[in-house]
Amino acid sequence: MKHLKKTAIAVGAAQIALLAAGGAFAQTASESKDSSNTVVVVGQRAALESAQKRKQDAEEIVDSIVADDMGKLPDKSVTEVLQRMPGVTIDRTMNRQDPQQGVGDGIMRFAAEGTGVSIRGMSYVRSELNGRDSFSANGGRSLSFEDVPPELMAGVDVYKSPSAEQIEGAVGGLVNLRTAMPFDFKGFKGAVSAEASRSKLRGETAPSYSGMVSNRWDTSFGQFGALIDVARSQIKTRSDGMSVSPFIPRTDAVSGDNSGALRWIPNGGSWNRGNFDRDREGLYGALQWKKDTLSSSLTYFRSKYELDSTEASLFQTANPATIVLDPGATFDDRGALLTGTLRAPTEPGVGFGTNTRAVGRAADTRDVAWNLTWRASDRWVFKTDLQHIKAKTDGFDNTVGLGGYMPKETLDLRSSPPQFGFDAADRAHLANPANYYWGFAQEHRDEAEATQTAGRLDAKFIFDSPVLQDLRFGVRFTDREAETRSTHDSEWAQITQPWAVGDSWQPLSQLAYLSDPRFAGGTTPVSFGNFFGGKMPTPPQFVAPDLSWSLGSPPGGFAKLHSYTDMVCKSSPCSQHWTPAKFGDDKGLNVQRERTKSAYGQLRFGSDSWLPYPVDGNVGVRVVRTDMSADGYTLFTPPTNPMPGVPIIPAQADKQTFKNSYTNVLPSLNLRLKPSNELQFRAAFSKGITRPDFYQMQAYTTLSQDVKTHQDPVTNQAVLDSISYKGDARGNPNLRPVRANNFDLTGEYYFGKSSSLTVALFNKKLKDVIIGRTSTYTLTDTAGQPHDFLIRSQVNDASGRARGVEIGYQQYFDKLPGLLSGFGISGNYTYIDSVMKLGHPVTSTWCTPKDTLDANLARDLAGCDTDGHVLGGLPMVGMSKNAYNLALLYDHGPLSARLAYSWRGKYLQAANAYGTADGSGIDRNPDSPNKGQAYSVNFALPTWGGAYGQLDMGLHYKVTENLSFAFEAQNLNNALYKQYMQQGIGLMDRSAFYTGRRYTLQARYSF
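What you see is a predicted model, and the numbers here were worked out from it, not measured in a lab. (Residues numbered from 1 in each chain as written. Predicted model: local features only at pLDDT ≥ 70, side-chain atom pairs only at ≥ 80, totals over all residues. Heavy atoms only, no water.)

**A short note on the overall build of the protein chain**
Part 1: Across its full length, the protein chain holds seven helices and 48 strands.
Part 2: For the protein chain, whose C-alpha radius of gyration is 30 Å, the value lies close to the compact-globule estimate of 30 Å for 1007 residues.
Part 3: Across its three principal axes, the protein chain shows a C-alpha extent of roughly 100 × 65 × 55 Å.
Part 4: Counting all 1007 residues of the protein chain, 56% fall into the buried class.
Part 5: In the protein chain, 75% of the contacts between residues at least 6 apart in sequence involve partners at least 24 apart.
Part 6: With an accessible surface of roughly 40400 Å², the protein chain has 55% of that area assigned to carbon and sulfur atoms.
Part 7: Distance between charge centres in the protein chain, computed from 106 positive and 104 negative side chains, equals 5 Å. (Helix = DSSP H or I, 4+ residues; strand = E, 2+ residues; numbered from the N terminus. Rg over C-alpha atoms; globule rule 2.2 N^0.38 Å. Buried < 20%, exposed > 50% of the residue type's maximum accessible area, 1.4 Å probe, protein only. Contact = heavy atoms within 4.5 Å. Areas by Shrake-Rupley, 256 points an atom, 1.4 Å probe, with all protein chains shown as cover. Lys, Arg positive; Asp, Glu negative; His and termini not counted. Charge placed at Lys NZ, Arg CZ, Asp CG, Glu CD.)

Here is the structure:
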């Protein structure tokens, strides 16, 4: 009822606004019909008028953004453009970028231009280029919109209600990127631009340029047109970040406090800095021909994207079960730490690590398409379309880390973001290389390539009828293949770690401290000056590995680093003569194939006599058959030197082929009622699907047999403690598509060429939602006994509902006097109410004892706190209940300006994510045999993206008819992006990121 009430209030507010403004709107609409007041508009206002006209005339529910001029969208990336539309939101981390590549910690890395486009809160978004399917080779089904040069775009359309003739696969919505065609212009046309952008925090300038030329000719062979468009842009940004570790329950947290009171304390804070360099190139060409009843076009589109980022960080590795707080620590009424100083009296100090990281990615998408249209008669039109896409990407992600112990760390968690304190002695300790040891090295490399060939035949029969307009029908065939090669098996490897040093089973005699001349050198001091733009205290200087260790693929310095392990090994060699992580062999290869066959029929109709008002629309059905196959491997490597009592399971490296087929029937109905030329209402009903992303269907599983032992102090023999059977599945080739039943209602009032008020209600019921869940995989040992390995994989095991309202309004105040007549406003608001229902509801209140199927299921589906409690009550991922955009516009004479603010509320990013999930919790389940023990909970704290609002500005001045200059600024309000971790004690601060302002100067000349 509460959600329904909010929705009703939002709709009511829109109706009140409509009635209250009715008189003024009517006056504006009436006066706009006076030809003497006609004004030719260009630039920003012309683009808004064009976008509004597309929305008003569309047969489906659609929102559009049109370029102000050739190749001049209002933002610097397609992702940022999309966030301005009603119902569209973006993520601010790398959580949804390149999901199958990298080392899985994208949720902890800030995205300079935003990633992860969602429509009405859902990531089930399909992308098109000029009405044709398009994608990047990142394991997904849509383009990485941040890879696409916005300079090549003429406009962007977001379809929210499908029709039968549109390609299937967009439960959330469809994003169509439109490029210009030669026949869009009357004759010769050209434009060039040059710009420079500068990040205030980074302090470096990056250039960009673009150019387009188009022409058309009349010849005896027909009319020809040609267009070519090129663009290249660079950005150089920096982001500062800080984070707090999960809060662990302790009854002995404060030194000298024997009260037994339960306290929740983190094991410290961390901070990092990353430099992000992006180079984006685009090339687009188009040829058009038309003669009599025939017309044809040929287009070529290429998008290249390269990024290089480097990072340095200090992070916590302290044991959360043994650290203690000095007397005088303060706590809130839930027992969560507010202020205190951490120490580790049973350890050499509070454990921490530092690292340097180098990440590179290159992506390339090429699209060639040909179209032929034949108007055979006044009644019949036939079209054929052929397209070939080839997309590829390759990347690396390498990290080298040091370890050490600091004397203490002071935390002040009363503010957000929190603050960490260090005195002069702490700072001197952290700045001394002798207090560090070589800790670990991690390497990653991947390559992916995807191709698709698509063909379609369409026909249209035009009726001679007052009701029936035309019948459209056709068929489409696709053949798509995707190959991914990546490193596998132990990308992370220790150099020296404290757990590997000791007098029993541990293989190392000491840590490789830099104070030892054998291990000295290869490091650099790292200082974070101007941290968070001076808004946060400067962290202490620390020592990190030289960046040179992490460069290359594979990194050239890794062999030397791993030789340090042998130097401190009790029985050399420990590292078994390190070699680069396996890459490119058959066991690191995933091959997937998908073929689709679809057919549709769609009837368009319209009448002025059915009802008191004109009604038009379309009704149709699309039927699609999908055939999927995937090749991959299940890998198991037995432990070396197995001891008695450990079951012997033969090594596994089995190639497997999976096949999956399904057929979907997708009806749709779009209706429009027009009481007047200014007012119209729409209703849309449809069924839709979104197929699983390709990375979710990888047939690649790794299994491990984890043996725990201790040494008997009397016999000095190893004693078996436990055996756990674990695994990880990168995908599930038997996944089915997510299905949805969709219902939409809209009311649209257009009271001027660029003035409108619109309200949209939507309701989506989802089935077969894909979630991560633990299951079992069985291997048999040499004695014939089965053993179940617990693996986490993707499954269709949830349903959901997303309903809400979108309100949009824009208007220019033409009747104000003089210069004030150039002012206008534009805004939209979206409210979403979502519910997710699990296929296997979690009824337990505990997710312990650990390492059981039931415990892992509860953790994966509902989240698990660090004390073993099930958290539960999680919404659908990516849903912000509230989001809005507001822009102040100005267009008068040669000046055009925009001040735009975009905001979204908090949203769940993941239920089980890197950084807020590990095994260091302390079990408080009274029925668990592990109650009170350290490292007795495999917890997973849901990670939430915090509410975020960003203010951007643009000023454009037209010096002459051909020459203009522009100044733009992003993030004028210096917004912080925050993340939170959900625990029983509340939503606790997890991370904060700051990237500061970015400025751009542009000169543009058209001819």
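There is more to say after this.
**Description of the confidence of the model for the protein chain**
Part 1: Of the residues in the protein chain, 94% reach a pLDDT of 70 or more, and the chain-wide mean stands at 90.
Part 2: Highest mean pLDDT in the protein chain belongs to strand β27 (residues 542–545) (98); lowest belongs to helix α2 (residues 22–32) (36).
Part 3: The low-confidence segment residues 1–39, where pLDDT is below 50, has 30 contacts with residues more than four positions distant or belonging to other chains. (pLDDT = per-residue confidence, 0-100.)

**Here's the deal with the side chain of aspartate 833**
Part 1: In this structure, aspartate 833 sits in strand β37 (residues 823–838).
Part 2: Of the polar contacts made by the side chain of aspartate 833, one reaches the side chain of arginine 801; its length is 2.8 Å. (Polar contact = N/O pair within 3.5 Å; in protein donor to acceptor, adjacent residues only side chain to side chain.)

**Some thoughts on the sheet that holds strand β7 (residues 173–178)**
Part 1: If you trace the five strands from one edge of the open sheet to the other, you get β1-β6-β7-β4-β5, paired in mixed fashion. At either margin of the open sheet sits one strand with a lone partner, and together these are β1 (62–66) and β5 (132–133).
Part 2: By the bridge criterion, five bridges tie strand β4 (residues 125–129) to β7 in an arrangement that is parallel. Residue pairing across strands places serine 127 opposite valine 175, the latter belonging to β7.
Part 3: In this fold helix α3 (residues 43–57) packs onto β1, β6 (155–159) and β7, with an angle of close to 155 degrees to the strand it touches most, β1. (Pairing = 2+ DSSP bridges. Axes fitted to C-alpha atoms, helices over the stretch in contact; angles between N-to-C directions.)

**Notes on the pattern of salt bridges**
Part 1: Counted under the stated rule, the structure contains 66 salt bridges.
Part 2: When the shortest N-O distance is used, the salt bridge between arginine 280 and glutamate 113 registers 3.6 Å. Of this pair, arginine 280 sits in strand β13 (residues 269–291) while glutamate 113 sits in strand β3 (residues 110–119), placing them 167 residues apart in sequence. Accessibility classification places arginine 280 together with glutamate 113 in one group, the buried group.
Part 3: For lysine 408, the salt bridge goes to aspartate 423, with nearest N and O atoms at 2.7 Å. Here aspartate 423 lies in the loop between β21 (419–421) and α5 (424–431) and lysine 408 lies in the loop between β19 (380–406) and β20 (409–412), a separation of 15 residues in the sequence.
Part 4: We classify lysine 408 as buried; its relative accessible area is 14%.
Part 5: A single network of salt bridges, built from pairs that share partners, joins Lys55, Asp63, Arg120, Lys160, Asp744 and Glu806. (Salt bridge = Lys/Arg side-chain N within 4 Å of Asp/Glu carboxyl O.)

**Remarks on the packing of aromatic side chains**
Part 1: On inspection of all chains with the given rule, the structure shows 33 aromatic pairs.
Part 2: Centroid distance phenylalanine 440 to tryptophan 492: 5.9 Å. Interplanar angle 25 degrees. Geometry classified as stacked. Taken as a pair, phenylalanine 440 in strand β22 (residues 436–442) and tryptophan 492 in strand β25 (residues 492–494) lie far apart in primary sequence, 52 residues in all.
Part 3: On the numbers, 5.6 Å between centres and 40 degrees between planes, the contact of tyrosine 749 with phenylalanine 751 is tilted. Here tyrosine 749 and phenylalanine 751 have matching classes, each one buried.
Part 4: An aromatic cluster is defined as three or more aromatic residues linked by ring pairs; in this entry it consists of Trp374, Trp380, Phe382, Phe461, Phe463 and Phe473.
Part 5: Positioned above the aromatic ring of tyrosine 812 is the side chain of arginine 45, whose terminal nitrogen or guanidinium carbon lies 4.3 Å from the ring centre.
Part 6: Taking the ring centre of phenylalanine 331 as reference, the NZ or CZ of arginine 263 above it sits at 4.4 Å. (Phe/Tyr/Trp six-rings, centres within 6.5 Å; stacked < 30°, edge-to-face > 60°. Lys NZ or Arg CZ within 6 Å of the ring centre and 35° of its normal.)

**A look at the pairing of strand β35 (residues 755–780)**
Part 1: Where strand β34 (residues 738–752) lies against β35, 13 bridges are found, and the strand directions are antiparallel. When the sheet's bridge partners are listed, alanine 740 is paired in β35 with leucine 766.
Part 2: From the end of β34 to the start of β35, which pair antiparallel, there are two residues.
Part 3: Where β35 meets strand β36 (residues 786–812), 23 bridges bridge the pair, whose relative direction is antiparallel.

**As for empty space enclosed by the protein**
Part 1: Applying the stated rule across the entire model yields 18 cavities of 30 Å³ or more.
Part 2: Quantified by volume, the largest cavity comes out at close to 680 Å³.
Part 3: Lining the largest cavity are 35 residues, and of these Leu48, Ser64, Ile65, Gln810 and Ser826 lie nearest its centre.
Part 4: Of all the secondary structure elements, the ones that give two or more residues to the lining of the largest cavity are α3, β1, β35, β36, β37, β38 (882–892), β39 (895–904) and β44 (948–958).
Part 5: At six residues, the largest contribution of residues to the lining of the largest cavity is made by α3.
Part 6: Taken together, the residues that form the lining of the largest cavity break down as 15 nonpolar, 14 polar and six charged.
Part 7: Taken as a whole, the second largest cavity holds about 200 Å³ of empty space.
Part 8: Looking at the second largest cavity, it is lined by 20 residues, and the ones nearest its centre are Pro162, Ser163, Ile167, Glu168 and Gly169.
Part 9: Broken down by secondary-structure element, the contributors of at least two residues to the lining of the second largest cavity are β30 (652–673) and β31 (679–690).
Part 10: Grouping the amino acids of the lining of the second largest cavity by side-chain chemistry returns nine nonpolar, six polar and five charged. (1 Å grid on protein atoms, 1.4 Å probe; cavity = no way out; pocket = protein on both sides within 12 Å on 5 of 7 lines; lining within 4 Å. Points joined across faces, edges and corners; volume = space filled by probe spheres on them. Nonpolar A, V, L, I, M, F, W, Y, C, P; charged D, E, K, R; others polar.)

**Notes on helix α6 (residues 558–567)**
Part 1: Within α6, burial applies to Phe558, Leu561, His562, Tyr564, Thr565 and Asp566.
Part 2: The inward-facing, buried residues of α6 abut β19, β22 and β25.

**Notes on a positive patch on the surface**
Part 1: A cluster of basic residues, Lys687, Lys765, Lys767 and Lys837, forms a positive patch at the surface.
Part 2: Exposure remark for lysine 767: the relative accessible area of 43% places this residue in the partly exposed category. (Patch = residues over 30% accessible without salt bridge, like charges linked within 9 Å, V, L, I, M, F, W, Y side chains within 5 Å.)

**Considering the environment of arginine 625**
Part 1: Looking at the secondary structure, you find arginine 625 in strand β29 (residues 615–636).
Part 2: For the pair arginine 625 and phenylalanine 558, spaced 67 residues apart in sequence, the C-alpha separation works out to 49 Å.
Part 3: Once you skip the residues sitting within four places of it in the chain, arginine 625 turns out to touch Arg595, Thr596, Lys597, Ser661, Tyr662 and Thr663.
Part 4: Here the side chain of arginine 625 touches threonine 663 through a polar contact of 3.2 Å, side chain to side chain.

**As for a nonpolar patch on the surface**
Part 1: Side chains of Phe188, Val192, Tyr209, Val213, Ile228, Val230, Leu283, Tyr1005 and Phe1007 sit close together on the surface and give an oily, nonpolar patch of about 750 Å² of accessible area.
Part 2: Here valine 230 shows up in strand β10 (residues 222–244).

**Re the side chain of glutamine 652**
Part 1: Mapped onto the elements, glutamine 652 comes out in strand β30.
Part 2: One polar contact links the side chain of glutamine 652 to the main-chain carbonyl oxygen of proline 650, over a distance of 3.4 Å.

**Comments concerning the environment of aspartate 105**
Part 1: As for its placement among the helices and strands, aspartate 105 is situated in the loop between β2 (88–93) and β3.
Part 2: Using a relative accessible area of 10% as the deciding quantity, one classes aspartate 105 as buried.
Part 3: Residues aspartate 105 and histidine 388, 283 residues apart in the sequence, show an inter-C-alpha distance of 33 Å.
Part 4: For aspartate 105, the contacting residues outside a window of four places in its chain are Arg357 and Tyr914.

**Brief notes about the pairing of strand β17 (residues 337–343)**
Part 1: Taking burial as the measure, the seven residues of β17 include five buried ones, the bulk of the element.
Part 2: Strand direction decides the pairing type here: strand β15 (residues 324–325) and β17, joined by two bridges, are antiparallel. Paired with leucine 325 across the strands is leucine 342, a residue of β17.
Part 3: Strand direction decides the pairing type here: strand β16 (residues 330–331) and β17, joined by two bridges, are antiparallel. Residue pairing for β17: threonine 330 is matched across the bridge by threonine 339.
Part 4: Linking β16 to β17, which pair antiparallel, is a turn of five residues; within it glycine 335 sits at a positive phi near 90 degrees.
Part 5: Across four bridges, the pairing between β17 and β20 is antiparallel. The partner of leucine 342 across the bridge, within β20, is glutamate 409.

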